[in-house]
Amino acid sequence: MVLADFSVNSGAVFTEAIGNDRLDRLTDYPFTRLANLLAPITPRANVAPILLTVGEPQHTPPAIIDETLRANSAGWGKYPPVGGTPEFRAAAGDWLTRRYELPAGLLHADSSILPLSGTREALFMLALLAVPTQKAGRQPAVLMPNPFYAPYEGAAVMAGAEPVFLAATRETGFLPDLDALAPELLERTALFYLCTPGNPQGAAATPAYLAKAIGLARQYGFVLAVDECYAEIWLDAPPVGALQVAAGMPQQDGKPWANLLVFHSLSKRSSAAGMRSGFVAGDPALIGRFSRLRSYGCAGMPLPILAASTALWRDEAHVEENRAAYRAKFAAAEAELGGRYGYYRPAGGFFLWLDVGNGEEAAKRLWAEGAVRVLPGAYLSRSNPGEPNPGDAYIRVALVESADTVAQACASIVRILG
């Protein structure tokens, strides 16, 4: 917490806190923690570093991006609307309808889709929208899998809610156990973040699982936020989506998407992380309130980027190429790792979640001895009272480099960690 001293004429000194003290409840961001962990370590000079920490695809972005940006360069001089363009909303809606086999006309793009300048800031801001002062007369709860994407926790804390970390371990299929949620907790739940395929474990929720989550959201009156940003990076079969499941459920008051929001991004699907382009879709009432909130706190997506994004959502060829590249990387990793460190073939995403005994120590050794940079699993998870941190034993390895580089890194992991 930042402190300031104020002196008055009497000579008295008052010390007061400056700023929102909720921020002090958060640890440093995972990559800041990693930088501090590895700062004292100098890797061997004769080894080229391999950076497999950030989920930043190193594939060449599709040429359609530059072509469309140049064709729409006049838009750089205009303030973009928060709601984007009709063309963007239509492209996103058409893609959702195709990808998830939604009934024709069920998704109304103009009322059910909102463009985002990347999904991270919107996933964070969602808590400001969803968390009331109290829920069921108590402090609201925000549920999230454990491990989790760091902005979920930050959003919950800064919105004044209690973050509740739900074990998502091998024993639970790497997804929270919905049947274990107590009614007393659900009654004060304001928001539930669910990631499928998951980051970091790559587990994909089944239709029955998603139907159960949607049903709970409606029964207990909370927002279900399904982060589907890795949905297009799959190995064997496309993961089912929450909108797809909701479309087959009984409608609540004629609303197919009641209590439900889904998030999608071009960062992974199109290897276009630098565009900061995504969208949120679902419950029109929530989308309308989200648009109102974002009008106060966010800039709209620039018009040239909206145009390029529109083109990308309408193109599938580059996505197929992307998936083929990731399949080659997983094949390379599997060939080197075999069955070591609990390796398994995930349903989606591009991470390895490896049990190495002690994630921090493994990260330090890999950097010192092999110049391979990975993320300790404990930086993506939290301890519940009386329980160990479920990420302590793990490292997360982002398969963002070429298949050859992935093979080299995995060979180093085996050589160094044994």
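It should be noted that the structure appears before, not after, this text.
Criteria and cut-off values
- Residues numbered from 1 in each chain as written.
- Predicted model: local features only at pLDDT ≥ 70, side-chain atom pairs only at ≥ 80, totals over all residues.
- Heavy atoms only, no water.
- 1 Å grid on protein atoms, 1.4 Å probe; cavity = no way out; pocket = protein on both sides within 12 Å on 5 of 7 lines; lining within 4 Å.
- Points joined across faces, edges and corners; volume = space filled by probe spheres on them.
- Nonpolar A, V, L, I, M, F, W, Y, C, P; charged D, E, K, R; others polar.
- Helix = DSSP H or I, 4+ residues; strand = E, 2+ residues; numbered from the N terminus.
- Buried < 20%, exposed > 50% of the residue type's maximum accessible area, 1.4 Å probe, protein only.
- Core = buried A, V, L, I, M, F, W, Y, C linked by side-chain atoms within 4.5 Å.
- Contact = heavy atoms within 4.5 Å.
- Pairing = 2+ DSSP bridges.
- Axes fitted to C-alpha atoms, helices over the stretch in contact; angles between N-to-C directions.
- Salt bridge = Lys/Arg side-chain N within 4 Å of Asp/Glu carboxyl O.

**Student:** Pulling in residues and values, what's your account of empty space enclosed by the protein?
**Tutor:** Counted under the stated rule, the structure contains 2 cavities of 30 Å³ or more. Roughly 70 Å³ of volume is contained in the largest cavity. The wall of the largest cavity is formed by 14 residues, among which Pro145, Pro147, Cys195, Gly198 and Gln201 lie closest to the centre. Counted by class, the lining of the largest cavity contains 11 nonpolar, 3 polar and no charged residues. Taken as a whole, the second largest cavity spans an internal volume of roughly 30 Å³. What lines the second largest cavity is simply Gly342, Tyr343, Tyr344, Phe351, Leu352, Trp353 and Leu354.

**Student:** Before we move on, could you go through unusual backbone geometry and cite the residues and values that matter?
**Tutor:** In the segment running from Thr196 into Pro197, the intervening peptide bond is cis, with an omega of -10°. Its location among the elements puts Pro197 in the loop between β7 (189-195) and α8 (207-220). Within the chain, Ala136 stands out as a residue other than glycine whose phi angle is a positive 55°. Take Ala136: it is sitting in the loop between α5 (119-130) and β5 (141-146). A positive phi angle is found at Arg276, which is not glycine, with a value near 50°. Of note, Arg276 is situated in the loop between α10 (266-269) and β10 (278-282). Residue Arg276 is classed as partly exposed on the basis of its relative accessible area of 35%.

**Student:** Provide a residue-level description of the layout of surface pockets, including the pertinent values.
**Tutor:** Empty space within the largest pocket amounts to approximately 490 Å³. Together, 24 residues line the largest pocket, and Gly55, Arg120, Tyr149, Tyr230 and Lys268 are the ones closest to its centre. Where the lining of the largest pocket is concerned, the elements lending two or more residues are α1 (30-38), α5 and α10. Here the element with the most residues in the lining of the largest pocket is α5; it accounts for 3 residues.

**Student:** Describe the nonpolar core, listing the residues and the values that go with them.
**Tutor:** With 102 residues, the main nonpolar core has Leu96 and Leu352 as its most contacted residues. Per-element tally for this core: the top contributor is α8, with 7 residues. When neighbours within four sequence positions are excluded, Leu96 is seen to be in contact with Glu101, Leu102, Leu107, Ile113, Leu243, His264, Phe279 and Ala281. Ranked by size, the runner-up nonpolar core spans 32 residues in total, among them Met125, Phe148, Cys195 and Ile287.

**Student:** Please provide a residue-by-residue account of the sheet that holds strand β14 (residues 394-398), values included.
**Tutor:** Pairing between the strands of a sheet comes from backbone hydrogen bonds, and it takes one of two forms, parallel or antiparallel. Pairing within the open sheet is antiparallel, and its 3 strands lie in the order β11-β14-β13. Two strands bound the open sheet, and with one partner strand each, they are β11 (351-355) and β13 (375-376). Here β11 pairs with β14 via 5 bridges, running antiparallel. The residue of β14 that forms the bridge with Leu352 is Val397. Each of β13 and β14 touches helix α14 (residues 359-370); the most contacted strand, β14, lies at about 50° to it.

**Student:** Please provide a residue-by-residue account of the sheet that holds β5, values included.
**Tutor:** Within the open sheet, the 7 strands sit side by side as β4-β10-β9-β8-β7-β5-β6. Their pairing is mixed. Since the sheet does not close on itself, it has two edges, and those belong to β4 (113-116) and β6 (162-167), each with one partner. For this sheet, the mean inter-axis angle between neighbouring strands, taken without regard to orientation, is 20°. The sheet contact formed by strand β8 (residues 223-227) and strand β9 (residues 260-265) spans 4 bridges and is parallel. Paired with Ala225 across the strands is Leu261, a residue of β9. Strands in contact with α5 are β4, β7, β8, β9 and β10; relative to β7, the strand with the most contacts, it is inclined by about 160°.

**Student:** Account for the pattern of salt bridges, naming residues and giving values.
**Tutor:** By the definition in use, this model includes 15 salt bridges. The partner of Arg89 in a salt bridge is Asp110, and the shortest N-O contact between them spans 2.9 Å. Pair noted here: Arg89 is in helix α3 (residues 86-99) and Asp110 is in helix α4 (residues 109-112), with a separation of 21 residues, a long-range link. Judged by its relative accessible area of 58%, Asp110 falls in the exposed class. Here Arg269 makes a salt bridge to Glu316, at a shortest N to O gap of 3.1 Å. Pair noted here: Arg269 is in helix α10 and Glu316 is in the loop between α12 (303-313) and α13 (317-337), with a separation of 47 residues, a long-range link. Within the structure, one salt-bridge network assembled from shared partners comprises Arg99, Glu232, Glu320 and Arg323.

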